[in-house]
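# Remarks on the overall topology
For reference, the chains in residue letters:
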Amino acid sequence: MKQALTFIFTLCISLLASAGSISSEQAQKFMQYSGMNDMIGQLPIMFEQQMTAQIQQKPDVAQRQAAQKALLQALNEVRGNQLALNYLTGEATTTAMPEIISFLESPLGKRLVDAEKRASTEQAQMAMAQYASELAQQPLPAERARLLDELLAALQVDRLMLQMMHSIFDSASQVSAEMQPEQAAAMKQAMAAQWQKMEPMLQAQMLQSATLSVYYSYRELSDQDLSAYTKFMRSRAGQAYIDLNLAIIQRYMDTLLTSMLRSLPRP
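Described below are features of the structure shown in this document.

### Overview of helix 6 (residues 97-104)
The periodicity of an α-helix, 3.6 residues per turn, causes residues three or four places apart in sequence to face the same way. Restricting attention to buried positions, one finds in helix 6 the residues M97, I100, I101, F103 and L104. For helix 6, the arc enclosing every buried residue in end-on projection is 160°, short of the 170-degree limit, so these residues lie on one face. Among the structural elements, helix 2 (24-34), helix 5 (82-90), helix 7 (107-119), helix 12 (223-234) and helix 13 (236-263) are those in contact with the buried residues of helix 6.

### Quick word on the environment of F232
Position of F232 relative to the elements: it lies in helix 12. By relative accessible area, which is 11% here, F232 ends up buried. Expressed as a C-alpha distance, the spacing of F232 and L151, which sit 81 residues apart in the sequence, is 9.9 Å. Residues within four places of F232 in sequence aside, it is in contact with E99, I100, F103, A237, G238 and Y241.

### Some details on the packing of helix 8 (residues 122-137) against helix 11 (residues 184-217)
Running from N to C, helix 8 and helix 11 point in directions that differ by 100°, and their axes come no closer than 10 Å. Overall, the two elements helix 8 and helix 11 adopt an arrangement that is roughly perpendicular. Residue-level contacts link A124, A127, M128, Y131, A132 and L135 of helix 8 to L212, S213, Y215 and Y216 of helix 11. Residue classes in the contact of helix 8 with helix 11 are distributed as nine nonpolar, one polar and no charged.

### Let's talk about unusual backbone geometry
Positive phi outside glycine occurs at Q156, with the angle close to 60°. Mapped onto the elements of the fold, Q156 is located in the loop between helix 9 (142-155) and helix 10 (157-179).

### A closer look at the pattern of salt bridges
Applying the stated rule across the entire model yields twelve salt bridges. Close ionic contact of E91 with R251 constitutes a salt bridge, the shortest N to O distance being 2.9 Å. In this pair, E91 sits in the loop between helix 5 and helix 6 while R251 sits in helix 13, placing the two residues 160 residues apart along the sequence. For R251, a relative accessible area of 25% translates into the label partly exposed. Notably, a salt bridge pairs R111 with D225, separated by 2.9 Å at the nearest N-O pair. Highlighted residues: R111 in helix 7 and D225 in helix 12, separated in sequence by 114 residues. On the accessibility criterion, D225 (11% relative accessible area) is buried.

### Describing the packing of helix 9 against helix 11
Relative orientation of the contacting elements helix 9 and helix 11 amounts to 120°, with a least axis distance of 10 Å. Judged on the interaxial angle alone, helix 11 and helix 9 are oblique. Relative to helix 11, the crossing made by helix 9 is right-handed. Contacts between helix 9 and helix 11 pair A145, L148, D149, L151, L152 and L155 from the former with L207, A210, T211, V214 and Y215 from the latter. In terms of residue class, the contact of helix 9 with helix 11 is made up of nine nonpolar, one polar and one charged.

Cut-offs applied
Residues numbered from 1 in each chain as written. Predicted model: local features only at pLDDT ≥ 70, side-chain atom pairs only at ≥ 80, totals over all residues. Heavy atoms only, no water. Buried < 20%, exposed > 50% of the residue type's maximum accessible area, 1.4 Å probe, protein only. Helix = DSSP H or I, 4+ residues; strand = E, 2+ residues; numbered from the N terminus. Arc of directions from axis to C-beta. Contact = heavy atoms within 4.5 Å. Axes fitted to C-alpha atoms, helices over the stretch in contact; angles between N-to-C directions. Parallel < 35°, antiparallel > 145°, perpendicular 65-115°, else oblique. Nonpolar A, V, L, I, M, F, W, Y, C, P; charged D, E, K, R; others polar. Salt bridge = Lys/Arg side-chain N within 4 Å of Asp/Glu carboxyl O. Left-handed = near helix turned anticlockwise from the far one by under 90°.

Okay, structure coming up:
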């Protein structure tokens, strides 16, 4: 589970609306450069794992089979990146996309994309654990750590991950309530209490994983590159970049939940 979260965090750091239109070409570039194509490939997997765990708790075999079928139908609706492309070209209203693409295609942007791509490989995920041990024994110089921490805060990776985890958890709650409507109120209350209890621990865990991902992914970039990246992420275009990624993730989560609820048989 820890390795899977670290992989997701590594994708997240690479992701990371005033009327304006986004062209199909801009949308394709955004999905490619930002790493969002990889992220939306992982979302259904995480959703399926959580939903399957909830479904298996139901005692009625026929109900479990029907719910599993509804889950597969929902997963099929979000295959690929078309949902994201439709959102970007049809609903997103940011005027900052030209600035975002310009940054991602700049020499610095290309170095970032390359660093993030290398950090998301299976070999890099294993090397990250070794890197964490090295940091524990020999911490980075204070100035270098400060620059990385400022970038981490600007990227808001932990916020993105917490929203995604909360959406998945809330979806599981709604599906469980739909399958057992007579216990819906009690189940929602119990799961809300469970999330409230889990949230501080998840926040701490996500911050730790996000920190390691940022430190490792950008370990070869210069201090000047880190400062320039942080400056961009704090700009209007950088904030739009974050908002677009959050909106796309939420769109996929909403579609998964809506589709599954629509396909569930009524008791």
